[in-house]
Amino acid sequence: MTIQAAAAAGRPSGPRCGFPVWLGLAPFGLVLLVLFAVPVLSLLKLAFGESGVSLAQFQRMAAVPVYRSVLLTTLGLAGLVTALTVIASYPLAYVMATVGPRARALLMLLVLLPFWTSALVRTTAWIILLQSNGVVNTLLMGLGLTSSPVAFVYNLSGVLIGMTHVLMPFVVLPLYAAFRNLELTTVQAAESLGAGPLTIFRRIILPLTAPGVVAGAMIVFMNAIGFYLTPALMGGPGQTMIAQMIASNINTELNWPFAAALATVLLVATVAMLVLFQRFFGLERLIEGGGGKAGQPFTVTSRGRSFGGWLSIVAAGLVGVFLIAPIVIVFPMSLGSSPFLSFPPENYSLVWYENFFATSKWVAALTRSVQIAALTVAISVVLGTLAALGVSRMRPRWRNTVETIFILPMIVPVIILAVGLYYLLAPTGLVGSIWGVTLGHIVLATPYVFITVRAALKSFDVNLELAALGLGASWATMFRRVMLPAIAPGIAAGAIFAFITSFDDVVIALFLTNIRSRTLPKLMYEGIAHEIDPTIIAASCLIILVTVVVLGANLLVAKRTAS
C-alpha cells in the first residue's frame, strides 16, 4: 500500500530513487539557462538601457504613430485570424465527429498533413495559387465571375489566408476532441424534450465545446502575434507586424535598443497569454491531450442530419479543400517545363528537379539542412527524454512550474529567440556556422520531445518498473528492458517533431547563417522574397516528400512497437 500510494502521489519511493531528479532536469535546464534565458534577458536589459533603467525606447514606441500602428495591426491581425480559424474549424470538427471511421481518417489526414508540412512551403504554394495569373484568378475569370485578376496577395487578404491556413489545425484538433467528449445521450434528451437543431447547438453543443474552442483560440493568438514569415511574404506595408519591425530595426536600422524594446512588448504579451492559458486550462492539454468520457460519444442521432448538418458537410468539404489545395497543387506545377508557373502545365518534365540537384547552392543548402536536423534530433532526444524522466519523478508542487519553463521556447515567438541568440553568439564566431544554427534548433525542438515523452510516461505502468527493480534489476537495466520499449513511440514522435522543426526553420536561419552557410528554407525564402524560380517549387515538393517519408517511418515504428 505504501508503494502504491507513493506512486499515485507521483513521489519516488524505495527503488524508484534509482533515477535522480536532478540528472533529468539539469541538462535541459542548463541549455535553457544559457541559450534561452540569457539571450532573452540580454534583450530586456538592452531595452531598458545598459547603463541604467530608462523607458526612452518605450516612450518612442508610444509617441511615434507608425509604431503604434504596427502594434495595433499585430493585435488586429491576430484577432482576425483567430476568429477565422474558429469559424472555419466548427463545421470540420463537427463532421469529423459524426462520420464513419474511414471518412474521419481522411478528414484527419486533411488536417494533419498541412500541420506537418513546412509553413514556408504552404506560404509559397498560396502565393502561386493567389497571384494575378495564379490558379484562383484563372478559375474566377474562366467562370466569368471576374473580368480582371483580383488582388489576393501582398495585402490583407493574403495575410489572413496564409496565417489561417497555418494556424487552423490548432483549433480543429481540440475542437474535435471536445465534440468527441460530448455524450450522445445529452443530445437525445434535448431532442426528446422538443429542442430543435438550432436550440441544441446554441444551448448544448456551443457551451460544452467552448472550452476546447477557447483553448485552441488562445494558442492561435499566441502564435499569431509573433508571426514573421507569412506577413513578410504575403502582406504589404499595411500588414507589417511587430516581428517584421524587430527584424527591420536590426538588419536595416541597426537599432538594437529599440528592437529589444519591441521584442519586450511581444514577450510580455505572449507570456500574459500563456499565464491565462495555464490559469484556465492548464498545460495538461498540451501534454495529455483530451480524454474521452465513459458515455456514448457524440454522433448523429436517430433523427438524422438536419439542414444545418448538411450545410456543415458542405462547409467542411470546402474547408478540407482549403487545407489540402496548397500542398496538392505544387506537385503538378513542379513538373512543368516552362520558366513561368502555370497550372496545369502545358508540358511535363523533370527539368526543375534536375536543376535543383545540378546547382551547387541548392545541394549545399539541402545537405546543410539535413546535417543540422540530424544533430538537432540526436541532442534534443537525449535532453527531452531526460527532462521528461526528471519531471515525472518530481513532487507535484513544483511539477507544473518546471513543465511551464521547459515548454517556453515553443510558446515565445521565434523572432525573440533568434534575435537574442544573434546578440549572444555574434561575438563568439558561431554565427554563420552549423553549430550556431544547431544550438538555436535544439532550444526550439527539445520541448516537443519533452512533451511527447512526458505523455508516454503518463501512460506507463509504474508497477512494471517497481517489479523489475524489486527483482534485482538495476535502474539502467530496467530502463533498457522495460521502460524504453514502452515509451519508444513517444520518443520516436518527439524525434519526428524535432527533425521537422529544425528542417523547416526559417527565422533562426535568417539571423544565424550567412551566404555560405544557408539552409534550404532560408535559400527558398530569399528566392520567394524576390522572384519565384520554379526550382523553388521543386524544392518545396522535396520538403513535402521528406516530411511524408519521416512521418511514414514513424508510423511503421509505432506499429511494430505496438505489436
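Predicted model only: the values in this text are computed from it and were never measured.

Novice: Explain the nonpolar core to me, please; I cannot follow it from the model alone.
Specialist: Proteins that are soluble and globular tend to have nonpolar side chains buried together. Counting residues in hydrophobic clusters, the biggest one holds 179 residues, and the most contacted among them are Leu92, Ile246 and Ile415. The element contributing the most residues to this core is helix α4 (residues 65–98), with 14 residues. Those residues in contact with isoleucine 246 that lie beyond four places of it in its chain are Ala259, Leu262, Ala263, Leu266, Ile415 and Val419.

Novice: Please clarify how the confidence of the model for the protein should be interpreted in this entry.
Specialist: Regions with low pLDDT should not have their predicted coordinates read in detail. In the predicted model, the protein carries a mean pLDDT of 83, and the fraction of residues at 70 or more is 90%. Element-level mean pLDDT values for the protein span from 42 in helix α1 (residues 2–9) up to 93 in helix α18 (residues 360–392). Confidence over residues 1–16 falls short of pLDDT 50; this stretch has 22 contacts with residues more than four positions distant or in other chains. In this model residues 289–295 is a low-confidence stretch, pLDDT under 50, and it forms 6 contacts with partners more than four residues away in sequence or in other chains.

Novice: What's the story with the packing of helix α2 (residues 21–47) against α18 in this structure? I'm lost.
Specialist: Packed helices, taken two at a time, are described by the angle their axes make and the gap between the axes. Direction vectors running N to C along α2 and α18 enclose 135°, while the axes themselves pass 7 Å from each other. By the angle class used here, α2 and α18 are oblique. Regarding α2 and α18, the two cross each other, and that crossing is left-handed. Residues Val21, Leu23, Gly24, Leu25, Pro27, Phe28 and Val31 of α2 form the contact with α18, whose participating residues are Leu383, Leu386, Ala387, Gly390 and Val391. When its residues are assigned to classes, the contact of α2 with α18 shows 10 nonpolar, 2 polar and no charged.

Novice: Is there a simple way to think about a nonpolar patch on the surface in this case?
Specialist: Together, Leu30, Leu33, Val34 and Val38 make up a nonpolar patch on the protein surface, roughly 330 Å² of accessible area in all. Relative to the helices and strands, leucine 33 resides in helix α2. Classification of leucine 33 by relative accessible area gives partly exposed; the value is 48%.

Rules used throughout
Residues numbered from 1 in each chain as written. Predicted model: local features only at pLDDT ≥ 70, side-chain atom pairs only at ≥ 80, totals over all residues. Heavy atoms only, no water. Core = buried A, V, L, I, M, F, W, Y, C linked by side-chain atoms within 4.5 Å. Buried < 20%, exposed > 50% of the residue type's maximum accessible area, 1.4 Å probe, protein only. Helix = DSSP H or I, 4+ residues; strand = E, 2+ residues; numbered from the N terminus. Contact = heavy atoms within 4.5 Å. pLDDT = per-residue confidence, 0-100. Axes fitted to C-alpha atoms, helices over the stretch in contact; angles between N-to-C directions. Parallel < 35°, antiparallel > 145°, perpendicular 65-115°, else oblique. Left-handed = near helix turned anticlockwise from the far one by under 90°. Nonpolar A, V, L, I, M, F, W, Y, C, P; charged D, E, K, R; others polar. Patch = residues over 30% accessible without salt bridge, like charges linked within 9 Å, V, L, I, M, F, W, Y side chains within 5 Å. Areas by Shrake-Rupley, 256 points an atom, 1.4 Å probe, with all protein chains shown as cover. Salt bridge = Lys/Arg side-chain N within 4 Å of Asp/Glu carboxyl O.

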